Amino acid sequence: MILVNENHEFSYDTENLAEIFFPYEKIKMFSHMPQDIKDDIVVYTAINGDTVTVFADVRGVKQSGFVKLSPDSDRKNTLSVLFYRVLSKATGETYPWGILYGVRPAKFYHSLADKHSNDYAEKILREKYLVSDDKISLVSAVVKSENKIIPLSKNNSFSLYVSIPFCPTRCLYCSFVSHSIERAAPLLDDYVSLLEKELEETGRYAKSLGLRLETVYFGGGTPTTLSAPQLSRLLKAVENNFDLSCLREYTVEAGRPDTVTAEKLNTLKSAGVGRISINPQTFNDEVLKAIGRRHTSAQTLAAYDTAVKCGFENINMDFIAGLPKDTLDSFKSSIETALSLAPSNITVHTLCLKTGAFMTAHGMPGKKIASDMVGCSRAALSGAGYKPYYMYRQGKSVGNLENTGWCVDGKDCLYNVFMMDETHTVLAAGAGAVTRLKNPKNGKIERIYNYKYPYEYIGHFDEILRRKQKIPEFYKEIINND
């Protein structure tokens, strides 16, 4: 795809909008129309004087539009709306989130409502960003739930994230830093040992700064890929190095049912873990094979039963709309099966194929089916008494749809809300982990990146500890500017 941005500074915005319509096209950007065009998708945008122009040629279908700017016009929004409308005509496609891109629609809603009102926020989403009434009602419901949770955080609050980037096998749709245990097994002992040291160092900073730990979240990957003794070591590292007296929530993802055993679950339970995830993604075995998950629906049901018998009352289950070989009826059946188990949380994701995924877009269900799946899940979950409590969006998702967490009353995952809202500092440990330091006075966020891959994490561990020194430096600056 060729995208031309002439005489304006909004190329970032047009690129994001182009990705909504053409998520799997490589976008080649120019500041002027090239002489030799060798592409079947060409979009030209320009602002010349008081005229905004968008022209599109999409595989021979040509559309164009022009808008005159007034002195008080929002140039970026005017261009974005025209871009969207021209592309909609050229492709015959519309999208329920309109021109709104970005990960955190609820946070954007908060920013508008806090300054003005909920009615104002909804009006802006509808009129300025072309968001559908259906999605506005969804994000409004999420914000209502978040408003009960965000005030729990204090100025010195933080959450702890622990990264376990290993899985039994790599799912074909996955783009996370996740390594098959078949290949990464030699790294595990060293990784766990160094992660213990990083937790010790991180805990030392948290205590010296008087930070208040609200939530702990072990994610990945699949943390329960580790053995029970390895899990125990890390859980003890958290207990020994952090003050858990104010802890509100302790989550460990046991995402892959083929990693769940009673021994591991009892290890988690005895350490105070109260919330786990057991993620089927689907209860259709044919779909499981198509996405490279080497477990069956029966194993998921058995793992869930084991978790209940081990005393877990707060369990999340993940599903993905838009998986290959899935149908609307099959997806409905998966949601109904989950509801029969009555987990406290059900999270519905939309398939998203990033660059790092092995799966390609070829043969994927269309955006209409994915949209119907998301819609039917919303109807079924709300009908069963679940409420949407957090959401986020990803680029390259099928149909440009969203991921939404649903829960029964009182079982909101606090960590998820704090993360999506960027409510407070998140201290993170492990390969691929990103510490997010938030200044409670001005909202400024500074990030500290760990090395992405386990072998880098192990090979450059001293550098990771050196980077951690930015934590006290960040808070020292807050104190000095107080």
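For the structure, see preceding data.
What counts as what
- Residues numbered from 1 in each chain as written.
- Predicted model: local features only at pLDDT ≥ 70, side-chain atom pairs only at ≥ 80, totals over all residues.
- Heavy atoms only, no water.
- 1 Å grid on protein atoms, 1.4 Å probe; cavity = no way out; pocket = protein on both sides within 12 Å on 5 of 7 lines; lining within 4 Å.
- Points joined across faces, edges and corners; volume = space filled by probe spheres on them.
- Helix = DSSP H or I, 4+ residues; strand = E, 2+ residues; numbered from the N terminus.
- Disulfide = S-S within 2.5 Å.
- Buried < 20%, exposed > 50% of the residue type's maximum accessible area, 1.4 Å probe, protein only.
- Contact = heavy atoms within 4.5 Å.
- Expected span 1.5 Å × (residues − 1).
- Arc of directions from axis to C-beta.
- Polar contact = N/O pair within 3.5 Å; in protein donor to acceptor, adjacent residues only side chain to side chain.
- Salt bridge = Lys/Arg side-chain N within 4 Å of Asp/Glu carboxyl O.
- Pairing = 2+ DSSP bridges.
- Axes fitted to C-alpha atoms, helices over the stretch in contact; angles between N-to-C directions.
- Right-handed = clockwise from strand over helix to strand, strands pointing away.

(A) The arrangement of empty space enclosed by the protein in detail. Applying the stated rule across the entire model yields one cavity of 30 Å³ or more. A volume near 40 Å³ is recorded for the largest cavity. Phe418, Met419, Glu422, His424, Val426, Arg436, Lys438 and Ile445 together form the lining of the largest cavity. Listing elements by their share of the lining of the largest cavity, those giving two or more residues are α14 (414–421) and β17 (434–438).

(B) Seen up close, the state of the cysteines. Taken as a whole and judged by the stated rule, the model has zero disulfides. We note that cysteine 413 lacks a disulfide partner, and the nearest cysteine sulfur, in cysteine 407, lies 9.3 Å from it.

(C) Structural view of the side chain of lysine 135. Position of lysine 135 relative to the elements: it lies in helix α5 (residues 133–149). Residue classification places lysine 135 among the buried residues on the basis of a relative accessible area of 5%. Leaving out residues up to four positions away in the same chain, lysine 135 has contacts with Pro96, Trp97, Val374, Leu401 and Glu402.

(D) Just the environment of lysine 144, in detail. Structurally, the position occupied by lysine 144 is in helix α5. Each C-alpha atom, one on lysine 144 and one on cysteine 246, is 25 Å from the other, the two residues being 102 residues apart in sequence.

(E) Quick peek at helix α11 (residues 297–309). Between its first and last C-alpha atoms α11 spans 19 Å; for 13 residues at 1.5 Å apiece the expected length is 18 Å, and the two agree. For α11, every residue scored as buried is listed here: Ser297, Thr300, Ala303, Tyr304 and Ala307. Projected down its long axis, α11 shows its buried positions confined to an angular sector of 120°, all on one face. Turned more than 90 degrees from where α11 packs its buried face, Ala298 and Lys309 sit exposed. Those residues of α11 hidden inside the fold are in contact with α9 (262–270), β11 (275–277), α10 (285–290), β12 (314–321) and α12 (328–341). Directly beyond the C-terminal end of α11, a positive phi value near 100° is found at glycine 311.

(F) Local environment of the side chain of serine 163. Inspection of the secondary structure assignment puts serine 163 in strand β6 (residues 157–164). From its side chain, serine 163 meets the backbone oxygen of alanine 431 in a polar contact 2.8 Å long. Setting aside its immediate chain neighbours within four residues, serine 163 contacts Tyr191, Leu195, Gly219, Ala429, Gly430, Ala431 and Ala433.

(G) Representation of α9. Along α9, the residues classified as buried are Lys264, Leu265, Thr267 and Leu268. For α9, the buried positions fall inside an angular range of 155° around the axis, keeping them on one side. Away from the buried face of α9 by more than 90 degrees, exposed residues Glu263 and Ser270 are located. Of the surrounding elements, those touching the buried residues of α9 are α8 (228–241), β10 (249–253), β11 and α11. Phi for glycine 272, located one or two positions after α9, is positive at around 95°.

(H) View of the pattern of salt bridges. Following the criterion strictly, the structure yields 27 salt bridges and no others. Linking glutamate 19 and lysine 396 is a salt bridge whose minimum nitrogen-to-oxygen distance equals 3.7 Å. Separated by 377 residues along the polypeptide, glutamate 19 in helix α1 (residues 11–21) and lysine 396 in the loop between β14 (387–393) and β15 (402–407) bring together distant segments of the chain. Relative accessible area serves as the criterion here: at 25%, glutamate 19 is assigned to the partly exposed category. Put simply, aspartate 305 and lysine 309 hold a salt bridge, and the shortest N to O gap is 3.0 Å. Here lysine 309 and aspartate 305 lie together in helix α11, a separation of four residues that amounts to about one turn. Overlapping salt bridges, with partners in common, bring together Arg104, Lys107, Glu422 and Arg447 in one network.

(I) Fine view of the sheet that holds strand β1 (residues 2–6). With mixed pairing, five strands are arranged side by side in an open sheet as β2-β1-β3-β4-β5. Two strands bound the open sheet, and with one partner strand each, they are β2 (28–30) and β5 (61–68). Neighbour to neighbour, the strand axes of the sheet diverge by 10° on average, direction disregarded. Direction of pairing for β1 relative to β2: parallel, over a ladder of three bridges.

(J) The arrangement of the pairing of β5 in detail. Inspection of the sheet shows strand β4 (residues 51–58) paired to β5 by eight bridges, in the antiparallel sense. From the neighbouring strand, valine 58 faces β5, where its bridge partner is valine 61. In this antiparallel pair of consecutive strands, β4 and β5, the connection spans two residues, and arginine 59 shows a positive phi of 55°.

(K) Quick peek at the pairing of β12. By the criterion of burial, β12 is predominantly enclosed, with eight of the eight residues buried. In β12, alternate side chains face the same way, and those of Asn314, Asn316, Asp318 and Ile320 on one face and Ile315, Met317, Phe319 and Ala321 on the other are all buried. Where β12 meets strand β13 (residues 345–350), six bridges bridge the pair, whose relative direction is parallel. Within β13, the position partnered with methionine 317 by the bridge is isoleucine 346. In this fold, the crossover linking β12 to β13 by way of α12 has right-handed handedness.

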